[in-house]
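Overview (structure and organization)
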Amino acid sequence: MARRTTKATAQPKANAAHRAAAPKERDAYRDTLTHVDEKGDVRMVDVSEKATTQRLAIAEGSILMHPETQAMVLEDRAKKGDVLACARIAGIMASKRTSDLIPMCHPLMITKSKVDIEPIPATGEGAREDGRVGFHVTATLGVTGVTGIEMEALCAASVACLTIYDMCKAVDRGMEIVDVRLLHKEGGRSGVWNRAGAAEEAPQPEVEKTEQEPAEPASPLPGGPGSATPAPALAFIGYQNSGKTTLVEKVITRLTQRGLRVGTIKHHGHKGFEIDQPGKDSWRHAQAGSRHVGLIAPGQYAEYAYTEGEVPVTDLLTHYTDVDIVIVEGYKTAGLPNIVVTRSGVDRLRGDTSFDLIDGNTVAIACNDVVERDFRARATREATETGAPRTLPPFISINDAAAIVNFIMKWLGR
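On a predicted model such as this, the values are computed, not experimentally measured, just so you know.

Rules behind the numbers
Residues numbered from 1 in each chain as written. Predicted model: local features only at pLDDT ≥ 70, side-chain atom pairs only at ≥ 80, totals over all residues. Heavy atoms only, no water. Patch = residues over 30% accessible without salt bridge, like charges linked within 9 Å, V, L, I, M, F, W, Y side chains within 5 Å. Areas by Shrake-Rupley, 256 points an atom, 1.4 Å probe, with all protein chains shown as cover. Salt bridge = Lys/Arg side-chain N within 4 Å of Asp/Glu carboxyl O. Lys, Arg positive; Asp, Glu negative; His and termini not counted. Charge placed at Lys NZ, Arg CZ, Asp CG, Glu CD. Helix = DSSP H or I, 4+ residues; strand = E, 2+ residues; numbered from the N terminus. Buried < 20%, exposed > 50% of the residue type's maximum accessible area, 1.4 Å probe, protein only. Axes fitted to C-alpha atoms, helices over the stretch in contact; angles between N-to-C directions. Left-handed = near helix turned anticlockwise from the far one by under 90°. Contact = heavy atoms within 4.5 Å. Nonpolar A, V, L, I, M, F, W, Y, C, P; charged D, E, K, R; others polar. Polar contact = N/O pair within 3.5 Å; in protein donor to acceptor, adjacent residues only side chain to side chain. Pairing = 2+ DSSP bridges. Parallel < 35°, antiparallel > 145°, perpendicular 65-115°, else oblique. pLDDT = per-residue confidence, 0-100. Core = buried A, V, L, I, M, F, W, Y, C linked by side-chain atoms within 4.5 Å.

**Structural notes on a positive patch on the surface**
- Taken together, the side chains of Lys250, Arg254, Arg258 and Arg343 make up a positively charged region of the molecular surface.
- By secondary structure assignment, the location of Arg258 is in the loop between helix 8 (244-257) and strand 7 (262-266).
- In this structure Arg258 comes out as partly exposed when scored by relative accessible area, which is 40%.

Here's what the structure looks like:
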């Protein structure tokens, strides 16, 4: 304490003379930090004299996760509920409470608060260079007022990402929230600001339409004009409760991690099959009488229709021109290249044997050691009884998804 007093009083006259002689130059550091006053204390900026203008801010953030976690969210399998819907609401709520969280923010009468969340794919448009997946959040905030709304946009993007983490942390604590940043702002004395390389995200002024409208681009619908040939399909067949769905999920995840674009088709032959999820808009359309329901959103589409008979899987496969492989679950009698999946070798409901599913289209059998020994013994007995050798396809452990994916990659010639 003594040294502080000595330093402060050592040259009072010299300091006073210097202050008197020096011109009052602007302090660039404090001019930039408007929340710091001339004494160096923090403050809330007085905006009472500023002009009222329309202001807009766009911020983004991403949360990266394991591919299986992303699949869980997209398939609405999270135990806490609809992750993305909750995150969007949380982001909007956070934007309205920003002044309660950031000390020097002014309370604002927000006129627009929108939070969009899109999945980050492993490959293709929107993919990261490192191939990691997750979700990308964009928050767009608007206000008519005397101060900017950047902090509200950043707060919305951050809290939306945090909400996704909270709802998924039970299965993936290694998620990372990255790249939370401002993309665009406009309004006020400083005018328009865009982050370098983010011009696409910035809102563009509406241009008055002329009489000569540009031609519409070709439809991105798979199988449409200019599309390639359908992708190769590989069916996973087996009786009910054979473990197909669990195995298919693992295979899809690993193939996606390898950089393949994967499409899927599932045969659903159970009673009580409901089109879409009850309560959703598309379900309500069907309940109201629509016979062909279409869903279109940025980056994705879906459609379903009522038919007199079952649509052949080969007809449906003609739509899959935008992927590298189609994984088909089911369709035992469609004649597709297939992997027979079985745990016990016997259909528990009907008593049929999975051995009878093996045919000339079977490229592999996914089972355990017990089933493999049983099938090899049956093939030997059959060869002895008929005099014709029975050649079985390769056996792969049903519990080794990596080995199955390696086999599929070789089957594709990759």
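From this point, things continue past the structure.
**Structural notes on the packing of helix 5 (residues 83-96) against helix 7 (residues 150-168)**
- It is the contact of helix 5 with helix 7, at a shortest axis distance of 7 Å, that shows an interaxial angle of 145°. Regarding helix 5 and helix 7, the two cross each other, and that crossing is right-handed. Of helix 7, the residues touching helix 5 (which contributes Val83, Leu84, Cys86, Ala87, Ala90, Gly91, Ala94 and Ser95) are Glu152, Cys155, Ala156, Val159, Ala160, Thr163, Ile164, Met167 and Cys168.
- Classifying every residue of the contact of helix 5 with helix 7 by side-chain character gives 13 nonpolar, three polar and one charged.

**Describing the side chain of Asp324**
- Topologically, Asp324 is positioned in the loop between helix 10 (313-317) and strand 10 (325-329).
- Judged by relative accessible area, which is 16%, Asp324 ranks as buried.
- A distance of 3.5 Å separates polar atoms of two side chains, one belonging to Asp324 and the other to Arg414.
- Not counting residues within four places of it along the chain, the set of residues in contact with Asp324 comprises Ala231, Pro232, Gly259, Leu260, Arg261, Leu412 and Arg414.

**Section: the pairing of strand 11 (residues 338-341)**
- Because side chains alternate across strand 11, one face comprises the buried residues Asn338 and Val340, and the other comprises Ile339 and Val341, equally buried.
- When strand 6 (residues 233-237) meets strand 11, the two strands line up parallel, connected through three bridges. Across the sheet, residue Ile237 finds its bridge partner in strand 11, namely Val340.
- Note: strand 11 against strand 12 (residues 362-367), four bridges, orientation parallel. Each bridged residue has a counterpart across the sheet, and for Ile339 the counterpart in strand 12 is Ala364.

**Some points on the packing of helix 8 against helix 12 (residues 401-411)**
- With their axes 9 Å apart at the nearest point, helix 8 and helix 12 run at an angle of 60° to one another. Considered as vectors, helix 8 and helix 12 are oriented oblique to each other. In the packing of helix 8 onto helix 12, the handedness of the crossing is right-handed. Where helix 8 abuts helix 12, its residues Leu247, Lys250, Val251, Arg254 and Leu255 lie against Ala401, Ala402, Ile404, Val405, Ile408 and Met409.
- Each residue belonging to the contact of helix 8 with helix 12 can be placed in one class, and the counts come to nine nonpolar, no polar and two charged.

**Thoughts on the pairing of strand 3 (residues 133-145)**
- Most of strand 3 is tucked away, with eleven of its 13 residues classed as buried.
- Both strand 1 (residues 53-65) and strand 3 contribute to a ladder of 13 bridges, which runs antiparallel. Bridge pairing in strand 3 links Glu60 to Thr138.

**Remarks on the environment of Pro394**
- Along the chain, Pro394 falls in the loop between helix 11 (369-386) and strand 13 (395-397).
- In this structure Pro394 comes out as partly exposed when scored by relative accessible area, which is 41%.
- Between the alpha carbons of Pro394 and Ile339 there is a distance of 9.8 Å; along the sequence they are 55 residues apart.
- Once you skip the residues sitting within four places of it in the chain, Pro394 turns out to touch Val363, Ala364, Ile365 and Phe407.

**Considering the environment of Asn406**
- Along the chain, Asn406 falls in helix 12.
- Residue Asn406 is classed as partly exposed on the basis of its relative accessible area, which comes to 34%.
- Measuring from C-alpha to C-alpha, the distance between Asn406 and Leu255 comes to 9.1 Å, with 151 residues separating the pair along the chain.

**Concerning the confidence of the model for the chain**
- Across the chain, pLDDT averages 78, with 76% of residues at or above 70.
- Looking across the chain, the model is least confident in helix 1 (residues 2-9), with a mean pLDDT of 34, and most confident in helix 7, with 96.
- Of the regions scoring below 50 in pLDDT, residues 1-31 engages in six contacts with residues more than four places distant in sequence or in other chains.
- Predicted confidence for residues 223-227 stays below pLDDT 50, and this span has four contacts to residues more than four positions away or in other chains.

**Concerning the nonpolar core**
- The biggest cluster of nonpolar side chains holds 29 residues, and the ones touching the most others in it are Ile117, Phe135 and Ile164.
- Listing elements by their share of this core, those giving two or more residues are strand 1, helix 4 (67-74), helix 5, strand 2 (110-120), strand 3 and helix 7.
- Considering every element that reaches this core, the biggest residue donor is helix 7, with nine residues.
- Residues Ala233, Leu317, Tyr331 and Ala379 belong to the second largest nonpolar core, which totals 25 residues.

**Considerations on the sheet that holds strand 3**
- Pairing is antiparallel across the open sheet formed by five strands, whose spatial order is 2-3-1-4-5. Lying at the two open borders of the sheet, with one neighbouring strand each, are strand 2 and strand 5 (193-194).
- Helix-sheet contacts for helix 4 involve strand 1, strand 2 and strand 3, and the interaxial angle to strand 3 is about 55°.
- Packing against the sheet, helix 7 makes contact with strand 1, strand 2, strand 3 and strand 4 (176-186), and its axis sits at approximately 25° to strand 1.

**A word on the pattern of salt bridges**
- Throughout the structure, instances matching the rule amount to 14 salt bridges.
- Across the pair Asp324 and Arg261 runs a salt bridge whose closest N-O atoms are separated by 3.2 Å. You can see Asp324 sitting in the loop between helix 10 and strand 10 and its partner Arg261 sitting in the loop between helix 8 and strand 7, a full 63 residues away along the chain.
- A relative accessible area of 41% places Arg261 in the partly exposed class.
- Each of Lys80, Asp166 and Lys169 takes part in a single network of salt bridges with overlapping partners.

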